[in-house]
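Single-letter residue listing:
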Amino acid sequence: MSHTGEAFERLVEVMRTLRSPEGCPWDREQTLDSLTHFVLEEAHEVVDAIERGDMPALREEIGDHVFEGVFLAQVAAEAGLFTIDDSLRTVVDKLLRRHPHVFQENGLVHDAASKERAPSAEAALDRWNTLKAQERAGTGQRHSTLGSVPKSLPSLLRAYKIGKRVAGVGFDWATTKDVVEKIEEEVAELRDTLEQEPHNEARAEEEMGDLLFALANLSRKLGIEPEAALRKANEKFTKRFTTMEERFERDGRRLEGSTLEEMEAEWQRIKSDV
């Protein structure tokens, strides 16, 4: 028998206690704004556990992530805005409403032979997006292609999302080759800026941003999520650099006193070994 409801209620009650006059001074001081950093941090830790394949850590990190949501809802409830119950009802209603290929209007599941069943994941996503647009139009919200892309996303991921959204309305390079040519164009512009205006940091920053944006879109065209790709590259570099550091220490040397040529030679050996 599942005890999910009981466990969730216990978490909510613990959070109420922590925010009460008899609770924790630090928890009582937190606001919606002060908690945003922790929400992002916990989300990253969930992703990190998944990528490491560390299931015990993932179990804990999911709990921490859920806790942050309960924390935010408790702060909102104390301000008279909404409760955790409101949040849960809202998401359940939205899931039922936007999955008409799974749920009937009464909330029951369609049988396997129902003509309402979506034939593919792509069809299901198209239906979700169509219903989402209809809901916004029904509430009088002005539709904006990029309006719902969160500004708080890591910049590389946001660039990827922006590219994906505008491509959805047809504003996109025709081929991957076109994006590569755009990247080469941006590299040339950055090079020209560095050569002709070496002290113009604002211009260099702008050109660097254009280059990174183009790279994020090449990643999208290749079906690669750039934030995940860069995380893996960071991890690979970190592992190799740490190995190089350990090898130098093993030989009684320090990186600080070594030449670039010596470090590069060891780096190439490490690449060959891995």
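Just so it is clear, the model here is predicted, and its values are computed rather than measured. The written sequence of each chain sets the order in which its residues are numbered from 1. Given that this is a predicted model, residues contribute local features only at a pLDDT of at least 70 and side-chain atom pairs are listed and counted only at 80 or more, while totals for whole chains, interfaces and linings are drawn from all residues. Note: side-chain values were computed over all heavy atoms of the structure, leaving out hydrogens and water.

For the rest of this paragraph, the subject is the packing of helix α1 (residues 4-19) against helix α4 (residues 55-78). Helix packing for two helices is described by the angle between their axes and how far apart those axes are. The N-to-C vectors of α1 and α4 enclose an angle of 55 degrees; their axes lie 10 Å apart at closest approach. In this view, α1 runs oblique relative to α4, as classed from their interaxial angle. The way α1 lies across α4 gives a crossing that is right-handed. Between α1 and α4, the contacting residues are F8, L11, V12, M15, R16 and R19 on the first element and V66, F67, V70, F71, Q74, V75 and E78 on the second. Split by residue class, the contact of α1 with α4 holds nine nonpolar, one polar and three charged. All axes here are fitted lines through C-alpha atoms, helices being fitted over the stretch that makes contact, and every angle between N-to-C directions spans 0 to 180 degrees. Numbering of helices and strands starts at the N terminus; helices are DSSP runs of H or I of at least 4 residues and strands are runs of E of at least 2. When describing relative orientation, an angle under 35 degrees is termed roughly parallel and one over 145 degrees roughly antiparallel, while 65 to 115 degrees is termed roughly perpendicular and anything else oblique. A crossing counts as left-handed when the near helix is turned anticlockwise from the far one by less than a right angle, and as right-handed when that turn is clockwise. By definition, residues are in contact when any of their heavy atoms lie within 4.5 Å. Polar here means any residue other than Ala, Val, Leu, Ile, Met, Phe, Trp, Tyr, Cys and Pro, which are nonpolar, and Asp, Glu, Lys and Arg, which are charged; Gly is therefore polar.

Further remarks concern the environment of L222. Mapped onto the fold, L222 is located in the loop between α9 (201-221) and α10 (226-250). Overall, the relative accessible area of 49% leaves L222 in the partly exposed class. For L222 and T176, which are 46 residues apart along the polypeptide, the C-alpha to C-alpha distance reads 7.4 Å. Only protein chains enter the accessibility calculation, which uses a 1.4 Å probe. A residue is then buried if its area is under 20% of the maximum for its type, exposed if over 50%, and partly exposed in between.

Turning our eyes to something else, we now look at the confidence of the model for the chain. For every residue, the predictor assigns a confidence score, pLDDT, that lies between 0 and 100. Within the chain, residue pLDDT values average 91, and 98% of them lie at 70 or more. Taken element by element, the predicted model of the chain shows its lowest mean pLDDT in helix α6 (residues 121-138) (79) and its highest in α4 (97).

For the rest of this paragraph, the subject is α10. Multiplying one less than the number of residues by 1.5 Å gives the expected span of a helix. Along its 25 residues, α10 runs 36 Å from first to last C-alpha, staying within 8% of the 36 Å computed at 1.5 Å per residue. Buried within α10 are the following residues: P226, E227, A228, R240, M244, R247 and F248. Contacts from the buried residues of α10 go to α3 (32-52), α7 (155-168), α9 and α11 (260-273). Pairs of N or O atoms within 3.5 Å make up the polar contacts considered here, provided that, within protein, one atom can donate a hydrogen while the other can accept it, and that residues adjacent in sequence are counted only when both atoms are side-chain atoms. The opening residue of α10, the one whose side-chain oxygen lies 2.7 Å from the backbone nitrogen of E227, is E225. Of the residues trailing α10, G252 is marked for its positive phi of about 75 degrees.

In this structure, V12, M15, L35, V70, F71, A73, V75 and I84 together form the largest nonpolar core, which totals eight residues. Counting only elements with at least two residues in this core, the list comes to α1 and α4. No other element matches α4, which puts four residues into this core. Those residues within four positions of V70 in sequence are excluded, and the remaining contacts are F8, L11, V12, M15 and I84. In this description, a nonpolar core means a group of buried Ala, Val, Leu, Ile, Met, Phe, Trp, Tyr and Cys residues linked to one another through side-chain atoms lying within 4.5 Å.

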